[in-house]
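Structural features, examined
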Amino acid sequence: MAEAAGVSASTASKVVRGVPGVSAQLRARVTEAVAGLDYRPHPAGRALSTGAAATGGPVTLAVPTLMSAHHRLLAGHLIRAVGAAGLRTALVQTHGSSEVEAGLLAASAQRGSPLLLVALHPHRSAPSGSGTPTVLLADLDAARHLDRVAVDSAGAAEVCAAHLLHRGRRRLALVGAGGRGALAGAALRERGFLAATRRHGVEVPAARRCPLPRWTAHHGAAATTALLREDPAVDGIVAADDQTAVGVLHALRALGRRVPDDVAVTGVDDDDAARHSAPALTSVALPVPAMADAAVLLLTERLAGFDGPARVQRFAGRLVVRVSSGGARARSAP
C-alpha cells in the first residue's frame, strides 16, 4: 500500500490508523491507494502493531482456518499450553494469506508482541529482532531466523510413498503436489514423494502429480476424478493431508474403484477423518500436543528475556497403517 501511494510505510500506517501529522496531499494519496487496493486492516495485525499484547496482553495465536480438523486440534493444544503458562490467547484466522502472515510477523518484530503463527508460507525474509517473541509452527525450511517448531513435510510424503511401494504399488500419484497456485508446503510434499519413488526406480510423470489450490476434500475429489479418467491404471495415491484423502476416497467410490484392492490411499495428519473414514485411512500421525508444548516453551523463554539465536524443535511423523493401504487394522509402521 505504501509503495502504491509513493510514501513511507510509517506515513501509510499513520493515515490508516487516523494519526495526525500527515499533510493533506500525502493523506489523499494514501487514501486513494487504500481504495484502489481494497485494503482492510487485519484486526490481529492492528492489535500487534499497537503493542496491545506486549505487556499483559494476550498471545496472538494465528492459524490458517478452524475449518480444518488438524488446525482445530493444534489450536486447542496451543491454547491449553498458553493457559498453563499463565497467559491469555487471542485467536485469529489468517485464511492462508501470505500477506496476513507477513503483516503479523512484521508487527511482532516491530512491537515485541508475542505471536504463535501456524504458517503456510516460508517467510524466509521476514523481519526479526533480537529476542523477538515469535514462534512459527511450520515446515522445516520456513524462516530460519525465527524460533520454529518444524514438521518434516517432505518426510511425511516420503514415508507414505515408500509404504505404498513396499506394498507392491508401482503406478503412484500424488494429489496435492507443488506448482503454480499450490500451497507452499506442497512443494515439500512433492520433494519427499519423488525421493521415495526415485529411490525405488519408479518414475512418476508430472501428469500424476496433481497440484491443488487448497488441501480440501472437494479439491481432492475433483483432482482424483480427473486423474483416473486420464490414467485408469493408477494403483496408489498419496494425498497431501487427510482432508484431501477424504476427497480421494469419495472420488474412488464414485468411480467404482475398490480401496485398497484397486487403489491404495494414504494421508497425512491422522485426524478424525483418517480414523473414521470408510475404509479407515493410513496416515502419518503428528505429535500435536508435544508440538504445542514446545512452541509455547520457546515463546515464554523469549518473553522471559532470552535473546539468543533462533532455535528449532523438529518433529517427525509416524505412519499409522490402516485398511486404505492394505492394513487389516491400525498399527504403527516399523
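See the structure above.
The rules behind the values
Residues numbered from 1 in each chain as written. Predicted model: local features only at pLDDT ≥ 70, side-chain atom pairs only at ≥ 80, totals over all residues. Heavy atoms only, no water. Buried < 20%, exposed > 50% of the residue type's maximum accessible area, 1.4 Å probe, protein only. Helix = DSSP H or I, 4+ residues; strand = E, 2+ residues; numbered from the N terminus. Pairing = 2+ DSSP bridges. Axes fitted to C-alpha atoms, helices over the stretch in contact; angles between N-to-C directions. Contact = heavy atoms within 4.5 Å. Polar contact = N/O pair within 3.5 Å; in protein donor to acceptor, adjacent residues only side chain to side chain.

Of all 5 residues making up strand β1 (residues 59–63), 5 are buried, and the element is well covered by its neighbours. Taking every second residue as pointing to the same face, both faces of β1 are buried, with V59, L61 and V63 on one and T60 and A62 on the other. With 5 bridges connecting them, β1 and strand β2 (residues 89–93) associate as parallel partners. Residue pairing across strands places T60 opposite A90, the latter belonging to β2.

In this section: the sheet that holds β1. Ordered in space as β2-β1-β3-β4-β5-β11, the 6 strands form an open sheet in which the pairing is parallel. This sheet does not close on itself; its edge strands, each paired only once, are β2 and β11 (312–315). Along the sheet, successive strands turn relative to each other by an average axial angle of 15 degrees, direction set aside. With respect to the sheet, helix α12 (residues 288–303) is in contact with β1, β3 (115–118), β4 (134–139), β5 (147–151) and β11, its orientation differing from that of β5 by roughly 170 degrees.

So, on to the environment of T225. With respect to the helices, strands and loops of the structure, T225 is situated in helix α9 (residues 217–230). Spatially, the C-alpha atoms of T225 and A251 are 5.8 Å apart, while their sequence positions differ by 26 residues.

By the secondary structure assignment, R167 is in the loop between α7 (153–166) and β6 (172–177). Spatially, the C-alpha atom of R167 lies 8.0 Å from that of S325, the residues being 158 residues apart in sequence. Side-chain polar atoms of R167 contact the backbone oxygen of S325, separated by 3.5 Å.

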